[in-house]
Amino acid sequence: MLLRKLLLRPNRPQFPICRTACDFPLKKYDVIVVGGGHAGTEAAAAAARVGAETLLITQKIQTIGALSCNPSLGGVGKGQLVREVDSLDGLCGRAGDWAGFHFSILNRRKGPAVWGPRAQLDRERYRQFIQAELLATPRLTVLEGSVEDLLVSDPNPHQPGQHRVTGIRLADDGQPVSSSSIVLTTGTFLSGSLFLGQTTSPGGRIGDPPSCAGLSHSLREKMGLRTGRLRTGTPPRIVKKTVELSLAEIRPPDKQPTPFSFLNKQTHCKPEEQLPCYLTYTTPGVERIVKESVHLNCHIQQDTKGPRYCPSIESRVQRFPGRSHQVWLEPEGLESDLIYPQGLSMTLPPDRQLCLLREIPALKRAEIQTPGYGVQYDFVCPMQLSPSLQVKRVQGLFLAGQINGTTGYEEAAAQGLWAGVNAGRTALSLPALSLSRTQSYIGVLIDDLVCRGVTEPYRMFTSRAEYRTALRPDNADLRLSPRGFEEIGCVSEQRYREALRVRDSLRDALSTMQSISMSSARWREKLADVNVSKSKSTVLSALELLQYNGVSFEMLASAFPECLSMYLEFSQRLKSEATYLPHCEKQKQEMERIREEESLSLPLDVDYFSLPISLSQEVREVLDNVRPHTLGAATRLPGMTPAAIVHLLNYVRKTGQERHKERNVNVSK
Amino acid sequence: MFQFISGSLWRRTSFIVKGLRGKQSKNRCSSGLCDADTIFALSSGHGRCGVAVVRVSGPASGLVLSSLAGQTHSRTAPRTARLCNIINPRSQELLDRGLVLWFPGPRSFTGEDSVEFHIHGGLAVISGVLQALGSLPGVRPAEAGEFTRRAFHAGKLDLTEVEGLGDLIHAETEAQRRQALRQMAGDLGRLYLDWSQRLIRCLAHVEAYIDFSEDELIEDGVLNQVDSAVSKLQTEVERHLRDGRRGERLRSGVQVVIAGNTNAGKSSLLNVLCQRPAAIVSPVAGTTRDVVETHVDISGFPVLLSDTAGLRDTLDSVEREGVRRARERVEQADLTLAVLDAVHLPRTPGGVPDFLLAHLGALLPGGEGREEAWRRSLLVLNKSDLLTAEHAAEVQSALDGAQGLPPSCLLSCQTGQGLDGFMEALEKQVKTLCGDPLSGAPSLTQARHRAHLQQCVEALAQYHHYRDLDLALAAEGVRLALTSLGRITGKVGAEEILDVIFRDFCIGK
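Just so we're clear, the structure is a prediction, and the values are computed from it rather than from any experiment.

Definitions and limits used
- Residues numbered from 1 in each chain as written.
- Chains lettered and ligands numbered in written order.
- Predicted model: local features only at pLDDT ≥ 70, side-chain atom pairs only at ≥ 80, totals over all residues.
- Helix = DSSP H or I, 4+ residues; strand = E, 2+ residues; numbered from the N terminus.
- Buried ≥ 20, exposed ≤ 12 C-beta atoms within 10 Å, placed from the backbone.
- Pairing = 2+ DSSP bridges.
- Axes fitted to C-alpha atoms, helices over the stretch in contact; angles between N-to-C directions.
- Parallel < 35°, antiparallel > 145°, perpendicular 65-115°, else oblique.
- Left-handed = near helix turned anticlockwise from the far one by under 90°.
- Contact = placed C-beta atoms within 7 Å.
- Nonpolar A, V, L, I, M, F, W, Y, C, P; charged D, E, K, R; others polar.
- Domains from an automatic or database assignment.
- Arc of directions from axis to C-beta.

### Side note on the overall build of chain A
Part 1: Secondary structure assignment for chain A yields 21 helices and 23 strands.
Part 2: Scored against the burial criterion, the 669 residues of chain A give a buried share of 54%.

Written as structure tokens, this is what we have:
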């Protein structure tokens, strides 16, 4: 039976509120979100924001917003995702600003396009923020319980798909709850098993009950979805007072913390209250213990695909032997008495884990609070999804997070938000939307997933984004917030107004700078310490000058205070805009072409084998298998030929025209 | 893992570039070329012709007009032919005297500003003009179907014309692919592939430094290695562009390849076609072990005829190499003459078509190029003199009624029987091929290669320019260089870069 049920009300700040079973209003929801991790919470909040009556079901209310693995958010590539989620009014950016106690911008020396905002988080504070935020979200109800199965019925004949979800059945009492959209964010819990040394037990996270096998079964058997298996792992948590931090290198945070959220001018943690992190290295002893213990370690003996970039210490040692590997010692919170050893994810038996840790000088007296362990879990091959993150063959079923084969909080949050938006919109009979890879990392992430699938846990890197000089962490608000309000409906008016104000100010500042121009000789007089290498008579605008290394907007503003000083709050953003302007101009046309191709949608239910256009059998098979949503997605499929694309383009235009005609006929009737 | 790219759209080819691990591709490609570029192409056929037409389209057409023909576009009468000197803008050397036409947009085929040069048809003149065009900034050789695509986007084609566009692009891509294959085989190809692999490594290391160096042990030393590797590449490509070496000898003309099983009479056919004993013929199977090439003239069109080793499994290593080369040639051919011994045909005439289908299936390349290869082939059933008159008639009528077979000729190289019909069929095919401006136009391929290499060098300079200012923009330079080179050797996607990163570095966070 349901252990606890509760209805969250925005006007009741306490959390959680326990209610008895009879209080649970059994009604129909627009959207049900299953899972309360990073994907689930963003999905539930986003669905509610677009106006859908939403129910979030989680096994344990207490673990909503829990950071299951590392106590940090952001980084290179991931920081961009956090900024984008924030720009669409998601939770994780603001939660990070609230819970962070060590902020730093990674890659500071490498150009603002690849800066990576990152923070160490206080687990407790992060969870509290997320829970309070959900509590304050109108139209959102949270229910503690376990989902046994999905309720499925015949599809809506007017839309593509073989099934349609109508709700879920709860475990224990088998009570049904109906809804028109469902977002599954089961993380590592879908047929999850935990590995610790030679023991294996069902579950998705240590200390939590496993989820029902019914879900995995019905995705595979009832709906015929292809699934695969992935693995991941987490390091042991170490008791802080047993660590000799003086033996590790200290890594201080940035002196002035930079918030994730565009709405925050400062972080909750004061600059001087931030805590440092520590860096240490593995020793030959670590390698020896790993090698001696291989036979005691069933996780790494299996060949399920694990991530290459977040490997366990066992696989690092095996792939790159004879080296010393970095280990970051990260505090788990301001008050926490635990240390998280980043880089030491392992699945050895607990006693061997202790021996291994103690081979590192700073950890020679370390005590383990919770051992590291590995997890294997099912994921649904994401090529079966459309760019709205809906399963193509099941109307109303959306998937987000690790269930799609990704890894990382930020990747999960980004998908959760997008799945939530579309689940909400679909339930409200609004058209589903997609984000372009020319506009956002979220678009890159989803496009990669649905067009190419995954062979190992997918993580975001800046090198995956072709247009990364345009998709910068500093301009995520301009890229997404206006559309988020005007078209998507998930952004508050306050944020929208702010984004417009920023956009207009930047535009004015850039055009003012463009209009200030003089010879380089005059510039040299005006700005004494600037090295303008051009010949004396070359005329440069202030905008061109700002592209120079060593020229800052502050310098220009002090030279022309009357027309530039009002833009000083945007100094850094103006510098980045100026730096990348020439390059982005060059890419513009290419990006527009891609967008144009992406705007030509291919019908999902078309039978490619009988399509009366000239396509080779091979191309037909690829198209039938992947069922790309747009012509743009089709061009990125392996095996597509230019000729096939032209034939498809023709087909799309023709059917578009026919549909248009039909519509006109209907109207005239 | 490598792809052949053409136009703004791309294709995976069925071939795997020699020496590269041929993992199944999961590449992506963006529409890399944009309409801001000005494009040119030889739009007349390449057969022996008096006048060749070179077309230019795009915003820099006015610049082309003034640089090559010394005319200011604003003062040039539109759509009027004018005789003038055509000069190389760099060296000021006179290339030719010919007609120049100026079509200001939108009243042109593509809707853009366009120029047409009507020049003398000699190979030297054509390639001189193409090279001169390629050296202008913002001007590059057109990719397959690009003129037509621009016309399409500008709304200059009606729906029925668009119907044919896909097939046209398909044919053009195929022609370019074959031409590029010829160009890529040999030392030049190896050189480009080597550059490409070194660039992949450079890019992977820069990307690793950007994406991982904050958390991982990736020292600044990595970037210094990239610096010197990029400089070295830059010098090599520049030197290559400067030394004016025209690559390997250009094989011009329509490439006709004679292929088939051993002892089918391939060499006899070659000798009949060039009317002299160019190849040794003997009744011993496996006499021809290497490719024998001869230039012949078929109704006024230049043809490069290649006789190849008979296809059979053999233990002899020399012969095996010959068989490998034969298969390679068939893959690259504009036209394949599939020769077989008529004696081996099935006794019952009804079985003949199926037998021939199976035979062609084994001989011609499969996969994507299959349809195209079948369209560009002729079946030659040799040794008709060994059949009884009755059997020969039956075979002939079976051939006439067969569906899905390329044109087939029953003949005898020994007696000359059926040769006239064969020559007629061959001439017809060669004529069609020569009307196609792309097949067998190596100068165009070469101009394209040069243009891409030039872009590659410029992009590498961007790396150095931004190296200390902004690493993201510096990396963009290497990416661009790789994209340009990738247009010759095959496209490289993000996953390949990541593969190198994970192979070379221990990324653990």
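So that's the structure; there's more coming.
### Describing the pairing of strand S7 (residues 114-120) of chain B
All names here are of chain B.
Part 1: Counting buried residues along S7, five of its seven residues qualify, which places the element largely inside the surrounding structure.
Part 2: Here strand S4 (residues 51-57) pairs with S7 via seven bridges, running antiparallel. When the sheet's bridge partners are listed, serine 57 is paired in S7 with serine 114.
Part 3: Strand direction decides the pairing type here: strand S6 (residues 94-103) and S7, joined by five bridges, are antiparallel. Looking at S7, one finds that valine 100 is bridged to phenylalanine 117.

### Re the sheet that holds strand S12 (residues 227-234) of chain A
Each strand in a sheet pairs with its neighbour through backbone hydrogen bonds, running either in the same direction (parallel) or in the opposite one (antiparallel).
Residues and elements named next belong to chain A.
Part 1: Spatially, S11-S10-S19-S12 is the arrangement adopted by the four strands of the open sheet, whose pairing is antiparallel. The two strands at the open ends of the sheet, each matched to only one other strand, are strand S11 (199-202) and S12. On average, adjacent strands in this sheet sit at an angle of 25° to one another, irrespective of strand direction.
Part 2: Looking at chain direction, strand S10 (residues 193-196) and strand S19 (residues 373-380) are connected through three bridges and run antiparallel. In the strand pairing of S19, serine 193 is matched with glutamine 376.

### A look at the packing of helix H1 (residues 38-49) of chain A against helix H10 (residues 409-427) of chain A
A pair of packed helices can be characterised by two numbers: the angle between their axes and the separation between those axes.
Residue and element names in this part refer to chain A.
Part 1: Two elements in contact, H1 and H10, have axes separated by 7 Å at closest approach and are oriented at 30°. Comparing the axis directions of H1 and H10 gives the class roughly parallel. Read as a crossing pair, H1 and H10 show a hand that is right-handed. Here His38, Ala39, Gly40, Thr41, Glu42, Ala43, Ala44, Ala45, Ala46 and Ala47 of H1 lie close against H10, whose contacting residues are Tyr409, Ala412, Ala413, Gln415, Gly416, Leu417, Ala419, Gly420, Val421, Ala423 and Gly424.
Part 2: Grouping the constituent residues of the contact of H1 with H10 by class yields 13 nonpolar, seven polar and one charged.

### What about the domain arrangement of chain B?
Part 1: For chain B, the domain assignment lists domain 1 (1-29 + 163-244 + 443-509), domain 2 (34-142) and domain 3 (254-435).
Part 2: Distance between the C-alpha centres of domain 2 of chain B and domain 3 of chain B: 41 Å.

### Things to note about the environment of glutamate 493 of chain A
Part 1: Summarising the element assignment, glutamate 493 of chain A is placed in helix H13 (residues 493-515).
Part 2: Separated by twelve residues in sequence, glutamate 493 of chain A and serine 481 of chain A have C-alpha atoms that sit 9.7 Å apart.

### Describing the environment of valine 330 of chain B
All names here are of chain B.
Part 1: When you line up the elements, valine 330 lands in helix H8 (residues 317-332).
Part 2: Its 22 C-beta neighbours within 10 Å are what place valine 330 among the buried residues.
Part 3: Note: C-alpha distance between valine 330 and arginine 149 (181 residues apart in sequence) is 30 Å.
Part 4: Sequence-distant contacts of valine 330, that is, excluding residues within four places in its chain, are made with Val257, Ala259, Thr336, Leu363, Leu364 and Pro365.

### Re unusual backbone geometry
Part 1: The peptide bond linking glycine 105 of chain B to proline 106 of chain B adopts the cis configuration, its omega dihedral lying at 0°.
Part 2: With respect to the helices, strands and loops of the structure, proline 106 of chain B is situated in the loop between S6 and S7.
Part 3: Backbone geometry at leucine 389 of chain A places phi at a positive 75°, although glycine is not the residue there.
Part 4: Position of leucine 389 of chain A relative to the elements: it lies in the loop between S19 and strand S20 (394-395).

### Looking at helix H19 (residues 617-626) of chain A
Three or four residues apart is the spacing at which side chains of an α-helix point the same way, because the helix has 3.6 residues per turn.
All names here are of chain A.
Part 1: Listed as buried for H19 are Val619, Val622, Leu623 and Val626. Buried residues in H19, looked at end-on, bunch into an arc of 95°, giving them a common side. In H19, those exposed residues whose orientation departs by more than 90 degrees from the buried face are Gln617 and Asn625.
Part 2: Just past H19, the residue arginine 627 takes up positive phi, approximately 50°.

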